[in-house]
Each structure stands twice: as structure tokens, then as C-alpha cells.
Amino acid sequence: MPTILINPLNESQREPRKAATKLSTLQGKTIGLLDISKPGGNYFLDHVERLLKAQYGVANVIRAMKPTFTKPAPAAVIEQLVNARCDAVIEALAD
Amino acid sequence: MLQAGERAPDFLLRAIDGTEHQLANEPTLLVFFETDCPTCLLTLPYLNKLAARLPEAAISGISQDDEAATKALAEQLQIRFPVLLDRDWKVSEQYAPVAVPTLFLLDGQGQIVHTQIAFDKAELNAMTAALCAMMGQEVFVLAEPFDGNPATKPGCTSRHLEPRTEGEMAAALNPYAQRGARASHLELSEDVDAEEYCLRFDPLPVLPPTLARVERMLNASTLAPDEVIALVPPNYGQATVEKIAANAVMAGCAPELMRVLIPLIRAVCDERYNIHGVQATTHFAAPLVIVNGPIRHELGFVSGSNVFSNVARANSTLGRALQLILTNIGGARPGEIDMSTLGNAGKFAQVIAENEEENPWEPLHVEHGFAREQSTLTLFAAEPPRGVSEHNARHGRTILKAISRALATIWTYRICLMFEAFVILCPEHVKTLQRDGFTKQSARDFLFENTGIPLHHYSDGDGEGVQYQHLFEQVTIDGESCYRKFARPEQIHIVVAGGTAGKFSAVLGSWATGPRGSQVVTYPIE
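Definitions and cut-offs
Residues numbered from 1 in each chain as written. Chains lettered and ligands numbered in written order. Predicted model: local features only at pLDDT ≥ 70, side-chain atom pairs only at ≥ 80, totals over all residues. Heavy atoms only, no water. Axes fitted to C-alpha atoms, helices over the stretch in contact; angles between N-to-C directions. Helix = DSSP H or I, 4+ residues; strand = E, 2+ residues; numbered from the N terminus. Parallel < 35°, antiparallel > 145°, perpendicular 65-115°, else oblique. Left-handed = near helix turned anticlockwise from the far one by under 90°. Contact = heavy atoms within 4.5 Å. Nonpolar A, V, L, I, M, F, W, Y, C, P; charged D, E, K, R; others polar. Core = buried A, V, L, I, M, F, W, Y, C linked by side-chain atoms within 4.5 Å. Buried < 20%, exposed > 50% of the residue type's maximum accessible area, 1.4 Å probe, protein only. Pairing = 2+ DSSP bridges. Lys, Arg positive; Asp, Glu negative; His and termini not counted. Salt bridge = Lys/Arg side-chain N within 4 Å of Asp/Glu carboxyl O. Polar contact = N/O pair within 3.5 Å; in protein donor to acceptor, adjacent residues only side chain to side chain. pLDDT = per-residue confidence, 0-100. Buried area = accessible area lost by both parts, 1.4 Å probe. Expected span 1.5 Å × (residues − 1).

> Got a sec to walk through the packing of helix H7 (residues 241-251) of chain B against helix H11 (residues 313-328) of chain B? Specific residues and values, please.
Residue and element names in this part refer to chain B. Running from N to C, H7 and H11 point in directions that differ by 130°, and their axes come no closer than 8 Å. It follows that H7 is oblique to H11 by the angle criterion. The two elements H7 and H11 meet at a crossing, and its hand is right-handed. Touching Ile244, Asn247, Ala248, Met250 and Ala251 of H7 are Thr317, Arg320, Ala321, Leu324, Ile325 and Asn328, all from H11. Partitioning the contact of H7 with H11 into residue classes produces seven nonpolar, three polar and one charged.

In C-alpha cells form, the structure reads like this:
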């Protein structure tokens, strides 16, 4: 007789997400920088912001910050980046 | 459950006065009830009032309990309409109410015109109006809005849906719980070894979760298999009672352990505990479960010698079931989403019980506001334990000094204020502390006052903690200038555990704490 097991794994269905289209240029774009609020994140992102503007012609840099690195970004933080109409967002880890 | 528009099945039931009753060819109100359901006790007096206002109305109570209990209730509430006995739930199964009380209003032709589950004043009034209209009587308000009773109250599970014998599981036990999907079945052909197959669920061998084993586990719980206990981060998988039971089987849990496992899964998914972060961090953090109260003896949790080891089925299988659920349902499998740098041996299983019998002070759960007789579980996101050996100290304060030196190095030696710790005091150490007059609070205060980082360490060069130096509080400990390690004495938690021989205590540091990290949570075990 075949053995029947109860599936112990998560079976919740998740909507597949498509990756965002890659930008062909950074020239004149609006780039969001999300600081996950780890120590040192601001130094790193300050430097990235300078590079984006000076070397790649990025028009605007939008800075956002998670209240804590230990939890997913709250909706308000994501909305802030969405409302700023960023062409791309870079999430920064640090330490 | 039968709905309005459907035909009401006829029945022949005996009433508590010995008379036999069946459906009459007149408008009829049936109420299914239990004698110990608070919502039934709330509803029945209104129906008494209805019977008083409409003496001609055919109202029948259908009790799902035995004759003695039903008679006692009928007498207590002075029920004036016939009360019928459906002790074998034959009629309940036909009408299939999901909860009690459930009311069915039938017209004179035996058709259901209105149903009502639980207590709801507006519904009661609507049903009264419908009954009055069918009987050609003047409509009146049965349930006044401000009569001292709530507008609505949820009911209890209908008796016929409760589990009865092994293998016969109720389909729905709590009609108000969130429902998830039932687990799929994995059919293994005869040439597949079930134990080998299950190695895909965990690197260590597990007991295959067969239908019979999972059913035994489900029968030990009063909850419905599809009831969602929690969504387990970071994948937010649905931890239904059935999925929990399947993983509990794999861990080798005794069915009685479901009593602890259900509140444990609720606790671990408590937003304050932040298992999302605990599972996703590169830090060592692993859940430490501490069991308190009578459940320790009822289910065989060990609190003495080898408490952190593979010492008892209850400790080991509860911890292992938790880890299997976190990986199989939550998705944080080590090496995949869980990318901890070094990991933690506690991720095999880490459940200890407090040795309350050797604790001269109040145990952890009493400190957290629970009665001593209340069983609880407490969760802490812990670094691996570090031993504090002290065999030669003659005085309690010397033991506490040794512990304070270990506390000074949690997370890393130069970081202060941001972390918590559990101190696991062994019985011999706590005995000396008590003899020297320490209370739990004074021992904690001593550790708080005497745990510091000498200022000269901050000239070792840049490093973790140095950047926050301006936030630290400078104090003098034993004549030496130090920064205080902890922000508050409450960051030091004290538990007594371990065997009565040996002077070995332990300290476990935390992961990120407070609202921005993981907070200690304590849940009752019923």
C-alpha cells in the first residue's frame, strides 16, 4: 500500500513578481536610496549619492530610511519612495 | 448548516418532562443550545420573554447536553417552553448549526424562513417581527438596545462538531477563527522509503507525518485542523493546526505537547518577539524557550541536570518542532534564507524549564505577572550560553562578580546599553546567594551596578561600541572608571535551572532588543 503523508511545508500561494526593467542610463534619473538604519549606512549612502550625481548625471536622489533594520520596511517608507517617482531604488545594507 | 429556504427535517424528540415532540404544522422557533455556553445563557431568557408575550407560539429548545444538566438549567432559568433532549446529536447533525445558540424560524409548512447564529439583538428582533407577522400578532421589540446586555456575543461550538473518539475529527470547531487551506497529501509509492523521503524536510531524520500520526496529534487539540494559528515569517506561511501537527509528528512530539506548541507558535509570531528579524539576521540569535508552572511536571519537562541538553522528550521534541515549523512553514532554512554567520546549536532545539523547586525566589512567570499555578512559556532571542564556573567563592557577592564579568562581554566587550541577558543560575549558586540575604531584585541590582567596561578598553582603537561612547554612563566600579554595561536592571533576566550538583551558571546575551529588535514575550499555556 502506498504511504500517504501530510505535507508539512508551507503551501500558501504567492503571486509571482516580475523584476523591474533595468535602466539603460542613469542620466537625468531620480534614484531612491533606502537606508535600512544600520550603523554607518549614512556614510555609505552619502558617498553613493555623490557618485551618482557627479559621475552618472543622476538628477535627483531621494533618501528614505527604515525605522529599524530588523523588520521589513513599513508601508509609509515604501510609499515615500513610490510617491517620489523614483526610476530605481537602491537598498543599502551596512555595518 | 441548513439555511433559509430549505426544508426543516422532522424529528421525534423527548422533552425533559417526558413528553414526545415533533414538528407541528404551525410557525415554529427552534433553538439549539448547550447548558454550559454563556451565550446560550444570555439568549434563553429573551426566548422566555418571547414565550410569555406570545403564549400561542411554538418555541422549542433543543439541548445538546444530558438530561440532568438540561433539567438543572431549565429550572434555573425557569424556561417556560418545551425543552427537548438531543443527547446523541442526531437532530443537531441534520440541522448542522456551527455554533450555539442557533435559532431556526420555520413557517407553518416546515420551511426555514430565518436563521440566527449566536446572540444578536437586531437579529432577535427581526426574528420576533417575522414570527409576529406569521402569527398575525402585533410586532414588538424583544431585545431592547440598552437593557444591560451587549448587542452581540459570539457563541460556542456546536456539540456535534466537537471531537469525540479517535479518528473522528470535527470539521469546524471555532466558527470565528481564520481558516486556511488543508494540507495536501503526499502519496509515496511502495518503493519509496518514507524516512529517506522526509530528509527533504530536515537534514536530521524525522518521523514521517502519516495520516494516522497527524490525526492522533490533531485529536489532542480542540482546534479545527484548518484554523490558522499564525503566519510564520519571513515567508509568512500559514501555520494551520494541521501543518503544526504534521511538523510536531516529525519532531517526535507526544500528542499532549500540542497544548504547548499552539501557544508557542502564537508567541513566536508575536510582533514584539520579531521572529522575522531573529530568523533573518546574520547574528547567532536562536529562540530560547523557558517553560514555567505545573505543565513541567504534567508533560515531563526537565528543569534539572542537563537542562540545555537532549535530556527529555518534552524539552527536545518541543524545541525541534518549533525549529521544523520555522523552517518548513516560515521558510528560514539555515543556508537559504537564514544566513547566520556561525548559526547556533540552539537551532536544533532549545527548550529549558525553570527549576522552580530549587528557586528560593519568585520564578520567571510570577515576575511577569502570572500566578504560580499558571503554566507559561517565555521566549528570548538568545546568543549561545556561556558558562560561568565558580566553585571556590565563599560569598554570594563573589559569585555575582563572576557572573558580571561574563555579562560585561555579551555582544562584544565595548558595547553598552543596547542588549539584554538571561542569567541561568544553578541551584548551588542560588543557594549561596539566598544564604547571604540576596533577593532576586537585590541580586539583579548588584549585577546591574557591578557590570561595567573599564574605560581603558576604549583606547584599544576603533571598534564596535566606541562610536557610541558619548551615550554611555560613566560610573566607578571597584575604584575603576567604567561605562555601565546595562541601561536598566530589567535588562538582566534571572532564571534558576540545572542540577543540584555543580557550581556552573550561564549567561545568554540577546540579539537587538526593544521595539527595534526582539522583546521577551511570555504566553500562558492552558
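> Any details on the nonpolar core? Residues and values, ideally.
Residue and element names in this part refer to chain B. Ile244, Met258, Val260, Leu261, Ile265 and Phe301 are the most contacted members of the largest nonpolar core, which has 64 residues in total. Ignoring sequence-local partners within four residues, the contact set of Ile244 consists of Ile229, Ala239, Met258, Leu261, Ile262, Ile265, Ile325 and Ile329. Residues Leu13, Leu42, Leu106 and Cys132 belong to the second largest nonpolar core, which totals 48 residues.

> Can you lay out the packing of helix H13 (residues 396-407) of chain B against helix H15 (residues 440-450) of chain B for me, pointing to particular residues and giving the numbers?
Geometrically, a packed helix pair is captured by the angle between its two axes and the distance between the axes. Residues and elements named next belong to chain B. Relative to each other, H13 and H15 sit at 50°, their axes nearing to 9 Å. The orientation of H13 with respect to H15, classified from their angle, is oblique. Remark: the crossing between H13 and H15 carries right-handed chirality. Across from Arg397, Leu400, Lys401, Ile403, Ser404, Arg405 and Leu407 in H13, the residues of H15 making contact are Ala443, Phe446, Leu447 and Asn450.

> Account for the sheet that holds strand S4 (residues 88-92) of chain A, naming residues and giving values.
Residues and elements named next belong to chain A. Sheet architecture is open: three strands sit in the order S3-S2-S4, paired in parallel fashion. Of all the strands in the sheet, the pair left with one neighbour each is strand S3 (60-65) and S4. Strand-to-strand twist of the sheet, defined as the mean angle between neighbouring strand axes without regard to direction, takes the value 20°. In terms of strand pairing, strand S2 (residues 30-35) meets S3 through six bridges, oriented parallel. Counterpart to Thr30 in the pairing with S3 is Asn60. Along the sheet face, helix H1 (residues 41-56) touches S2, S3 and S4 and points at about 170° away from the line of S2. Relative to the sheet, helix H2 (residues 75-83) contacts S2, S3 and S4, its axis offset from that of S3 by approximately 175°.

> A description of the side chain of B:Glu420 should follow, citing residues and the corresponding values.
All names here are of chain B. As for its position among the elements, Glu420 is in the loop between H13 and strand S19 (421-425). In this structure, Glu420 is buried with no salt-bridge partner, the nearest side chain bearing the opposite charge being Arg488 at 5.1 Å. Within the structure, Glu420 has its side chain in polar contact with the side chain of His493 (distance 2.6 Å). Other than its neighbours up to four places away in sequence, Glu420 contacts Phe380, Ile410, Phe486, Gln491, His493, Leu508, Gly509, Ser510, Thr513, Gly514 and Val520.

> Residue-level account of the confidence of the model for chain B, with values.
Residues and elements named next belong to chain B. For chain B, the mean per-residue pLDDT works out to 94, and 97% of the residues sit at or above 70. Low confidence marks residues 165-173, where pLDDT is under 50. Its contacts with residues over four positions away, or in another chain, come to 31 contacts. Two numbers describe this predicted complex: its pTM, 0.73, and its ipTM, 0.85.

> Run through the sheet that holds strand S20 (residues 452-454) of chain B, naming residues and quoting values.
Residue and element names in this part refer to chain B. Read from one edge of the open sheet, three strands run S20-S22-S21, paired in antiparallel fashion. Every other strand in the sheet has two partners, leaving S20 and strand S21 (474-477) as the edge strands with one partner each. When strand polarity is set aside, the average angle formed by the axes of neighbouring strands in this sheet is 50°. Two strands pair when backbone bridges link them, and S21 and strand S22 (residues 480-484) are joined in this way by four bridges, in the antiparallel orientation. Opposite Ile477, over in S22, you have Glu480 as the bridge partner.

> Talk me through the interface of chain A and chain B; I want residue IDs and the actual numbers.
Counting residues at the interface gives 19 residues for chain A, matched by 39 residues for chain B. Roughly 2,500 Å² of surface becomes buried between chain A and chain B when both sides are summed, with 58% attributable to carbon and sulfur atoms. Of all residues in chain A, the largest losses of buried area upon contact with chain B belong to A:Leu5, A:Ile6 and A:Pro8, amounting jointly to 30% of the total for that side. B:Lys243 is the salt-bridge partner of A:Glu11, the closest N and O atoms lying 2.5 Å from each other. Our count for the chain A to chain B interface comes out at 17 residue pairs in polar contact (both at pLDDT 80 or more). Relative to strand S12 (residues 185-188) of chain B, strand S1 (residues 3-6) of chain A runs antiparallel, the two sharing four bridges. Looking across to S12(B), one finds that A:Leu5 is bridged to B:Leu186.

> How would you sum up H13(B)? Please name residues and give values.
For H13(B), with 12 residues, the first-to-last C-alpha span of 16 Å sits near the 16 Å given by 1.5 Å per residue. Every buried residue of H13(B) is listed here: B:Gly396, B:Ile399, B:Leu400, B:Lys401, B:Ala402, B:Ile403, B:Ser404, B:Ala406 and B:Leu407.

> Give me the lowdown on unusual backbone geometry, citing residues and values where you can.
Residues and elements named next belong to chain B. The peptide bond linking Val100 to Pro101 adopts the cis configuration, its omega dihedral lying at -5°. Among the secondary structure elements, Pro101 is positioned in the loop between strand S6 (99-100) and strand S7 (102-106). Of note, the bond from Pro233 into Pro234 is cis; its omega dihedral lies within 30 degrees of zero at 0°. For Pro234, the location among the structural elements is in the loop between strand S13 (228-232) and strand S14 (237-240). Its identity as a non-glycine residue notwithstanding, Trp89 has a phi of 60°, on the positive side. For Trp89, the position within the fold is in the loop between strand S5 (83-85) and helix H3 (90-95). Given a relative accessible area of 13%, Trp89 falls into the buried group. Backbone geometry places Ala96, a non-glycine residue, at a positive phi of 55°.

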